[in-house]
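Secondary and tertiary structure notes
Here is what each chain is made of, one letter per residue.
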Amino acid sequence: MMEDKIIKNKSFSYIYVCSKNIGLDLHKYFLKGVLINTDILKGYTKLLESQPLSDIDDEPAYEYIP
Amino acid sequence: MTRFASVIDIATAVRTGEKTAVAIMEDTLNILHNQDCKINSVTHIFEKESLEKAKKIDEDRNAGKSLPILSGVPFGVKDLYDIVGHITTAGSAVLRNNPPAQQDAVIVERLKGAGAIPVATLNMDEFAYGFATVNAHYGTTRNPHDLNCIAGGSSGGSAAAVAAGFLPFTLGSDTNGSIRVPASLCGVWGLKPTFGRLPRKGVYPFSASLDVAGHFAGSLDDLITTFYVMDDSIADVEPEFSSLKIGRLGGWFTENLSSTVEIAVNRICSFLNVTSTIELPQVQNARAASFLITAAEGGNLHLPRLKEKASQYDPATRDRLFAGALLPATTYLQAQRFRHWFREKIHKILQEVDILIAPAVMSEAPRLDQPTVIVNGQSVSARANLGLYTQPLSLPGLPVLCVPLLNTQSLPIGLQLIAAPRKESNLFSIARHLQDNGLAGRVLIK
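Attention here is on the structure that accompanies the text. (Residues numbered from 1 in each chain as written. Chains lettered and ligands numbered in written order. Predicted model: local features only at pLDDT ≥ 70, side-chain atom pairs only at ≥ 80, totals over all residues. Heavy atoms only, no water.)

Re the overall build of chain B
When helices and strands are tallied, chain B shows 14 helices and 17 strands. Computed over C-alpha atoms, the radius of gyration of chain B comes to 21 Å, within 12% of the 22 Å expected from 2.2 N^0.38 for 446 residues, which places it in the range of a compact globule. The principal-axis extent of the C-alpha atoms belonging to chain B is close to 60 × 55 × 40 Å. Pairs at least 24 residues apart make up 78% of the contacts formed inside chain B by residues separated by at least 6 positions. Only carbon and sulfur atoms are counted for the fraction: they give 49% of the accessible area of chain B, which is about 15300 Å². Mean positive and mean negative side-chain charge positions of chain B (41 and 41 charges, respectively) differ by 4 Å. (Helix = DSSP H or I, 4+ residues; strand = E, 2+ residues; numbered from the N terminus. Rg over C-alpha atoms; globule rule 2.2 N^0.38 Å. Contact = heavy atoms within 4.5 Å. Areas by Shrake-Rupley, 256 points an atom, 1.4 Å probe, with all protein chains shown as cover. Lys, Arg positive; Asp, Glu negative; His and termini not counted. Charge placed at Lys NZ, Arg CZ, Asp CG, Glu CD.)

Here is the structure:
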């Protein structure tokens, strides 16, 4: 019952949808830990999104040479 | 003689016949069997194979053959290096049923070609995802300087085995600081070479954009000698230390320092007469990019297994990998674009200075029963945050040497020396100067 309530939470629903998109059947038991880590990554994502980058000069560093 | 003996002393003793390779190996095996129980640095010992190899070296010597440079020198590998005939688990349970490696990792092959003998695999955080070497399957590696403290990770077994004097050198890997953090906390030399310099074939991956193979040693000469064997190259000439321009990293790298670390770094900068302070741009974003690239690539790598066998993972690793697998492509691409931007800025800075100095870790080793560090006034998990000063420097792929500082009146403290790509010899020059003046070297166990 408690677990069902948790899954209805909006954040958990987001995780659930994302995992379905990559064919991952994420067990309810893992949701809380995944959400904590997703929130940490969201913080880092926000930092990077504030970084101005050039469309021309700043290509992704796929074949990186230091 | 074997415990705390150097690579060079062992190789010389075997070559001159002062000791047989078998005697060295028996001694090493005895040490590992009897003295590692409290530290837990070892996960597997190659007893039969290593004795056979030692016997062959003695036979070659008795037959008058010339012996290669590292003949009879025992070494250990982080449990993500392939050793032929052995299952590489990368500190996991989920890979335990994989087939044994068909060949050695290239670096291991080169070391064996030089006569060195792999004797053990060493403990690590599962799949190298952590800074503590707290492993749900193989136990926790303890810091030889204080068994109540964290050894650091993820190559904690490798650092601890050298710090305890069990092995003269060991292999590790560094994605976000996994060589530099344990080298700092355990008081040994640790080298993260330039990204791409040492081959990674046969090294179980974590994050292909950032993974670097490297190693630990009890002495600087041992670290350098084994580095050039692994690099399959002739040693570069070390420049005069006085010819190198040195700058200290400011801002991010001076915040959150414990007073002990701050004093230790100040002392080195004062000795080297470092007067310029360098501010790297957007350091917090560099750390974020490293974090995100690692999470995305690690998550992608493990997704097929996570779908089938998630319960076999350490819960802490599993949840982080899941979160990484769920990252949107645009986040990963933004991080890779930022890496490009950051590279350009770093290269401009390295036109002005040859060496950058920064602390490796913000404090001495945290206690195992209180595995936290203070960041921006908050108490946060050590396992996730000990890489505060190493992660931003992982992104540009520069070579970094972790120097163990002496006479700090504390548990071990490490210093990062950073150079331009493929300029490891610059690092060695400064490190040698510090060592020759009694400021750096393996921290002895009290």
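Now that the structure has been shown, the text picks up again.
Observations concerning helix α3 (residues 47–62) of chain B
Residues and elements named next belong to chain B. If you check α3, its first and last C-alpha atoms are 23 Å apart, about what 16 residues at 1.5 Å a residue would give, namely 22 Å. Turning to α3, its buried residues are Ser50, Ala54, Ile57, Asp58 and Asp60. Along the long axis of α3, the arc covered by the buried residues comes to 160°, so they all point the same way. Away from the buried face of α3 by more than 90 degrees, exposed residues Lys48, Lys55 and Asn62 are located. Buried residues in α3 make contact with α1 (7–16), α2 (21–35) and β3 (117–122). Of the residues one or two after α3, Gly64 is the one with positive phi, at around 85°. (Expected span 1.5 Å × (residues − 1). Buried < 20%, exposed > 50% of the residue type's maximum accessible area, 1.4 Å probe, protein only. Arc of directions from axis to C-beta.)

A short note on the sheet that holds strand β17 (residues 414–419) of chain B
Residues and elements named next belong to chain B. Pairing is mixed across the open sheet formed by eleven strands, whose spatial order is β1-β3-β2-β8-β10-β9-β16-β17-β13-β11-β12. Each of the sheet's edge strands pairs with one partner strand only, and the pair in question is β1 (42–45) and β12 (276–278). For this sheet, the mean angle separating the axes of adjacent strands, direction not counted, is 30°. Pairing analysis gives three bridges linking strand β9 (residues 189–192) to strand β16 (residues 400–404), with the strands arranged antiparallel. By the bridge assignment, Leu191 is partnered in β16 with Leu401. The sheet strands contacting helix α4 (residues 106–113) are β2 (74–78), β3, β8 (169–174) and β10 (212–217), and the helix crosses β8 at an angle near 160°. (Pairing = 2+ DSSP bridges. Axes fitted to C-alpha atoms, helices over the stretch in contact; angles between N-to-C directions.)

Quick word on the layout of surface pockets
The volume enclosed by the largest pocket comes to roughly 290 Å³. Every residue lining the largest pocket is counted, 17 residues in all, and those nearest its centre are Asn37 and Ile40 of chain A together with Phe291, Arg320 and Ala384 of chain B. Of all elements in the fold, only α3 (28–49) of chain A together with α9 (283–309), α10 (315–325) and α12 (382–385) of chain B reach the threshold of two or more residues within the lining of the largest pocket. Looking at the lining of the largest pocket residue by residue, the classes come out as ten nonpolar, four polar and three charged. (1 Å grid on protein atoms, 1.4 Å probe; cavity = no way out; pocket = protein on both sides within 12 Å on 5 of 7 lines; lining within 4 Å. Points joined across faces, edges and corners; volume = space filled by probe spheres on them. Nonpolar A, V, L, I, M, F, W, Y, C, P; charged D, E, K, R; others polar.)

Details of helix α2 (residues 10–21) of chain A
With twelve residues, α2 of chain A extends 17 Å from end C-alpha to end C-alpha; this agrees with the ideal 16 Å at 1.5 Å per step. Phi turns positive, to about 70°, at Gly23 of chain A, one or two residues after α2 of chain A.

A closer look at the interface of chain A and chain B
Across the boundary between the two partners, chain A contributes 34 residues, which contact 40 residues of chain B. Between chain A and chain B, a total of about 3200 Å² is buried, with carbon and sulfur atoms accounting for 67% of that surface. Sorting the residues of chain A by area buried against chain B places Leu48, Tyr64 and Pro66 of chain A first, and these three jointly supply 22% of that buried surface. The tally of links between chain A and chain B comes to zero salt bridges. (Buried area = accessible area lost by both parts, 1.4 Å probe. Salt bridge = Lys/Arg side-chain N within 4 Å of Asp/Glu carboxyl O.)

Focus: empty space enclosed by the protein
Residue and element names in this part refer to chain B. One pass over the structure, following the stated rule, counts one cavity of 30 Å³ or more. Residue lining of the largest cavity: 13 residues in total, with Tyr129, Phe131, Asn176, Arg320 and Gln391 positioned closest to the centre. Mapped onto the lining of the largest cavity, the elements with two or more residues apiece are α9 and α12. In the lining of the largest cavity, the residues fall into six nonpolar, five polar and two charged.

Observations regarding the pairing of β8 of chain B
Residues and elements named next belong to chain B. β8 sits mainly inside the fold: six of its six residues count as buried. Here three bridges tie β2 to β8, and the two strands are oriented parallel to one another. Looking across to β8, one finds that Gly76 is bridged to Thr170.

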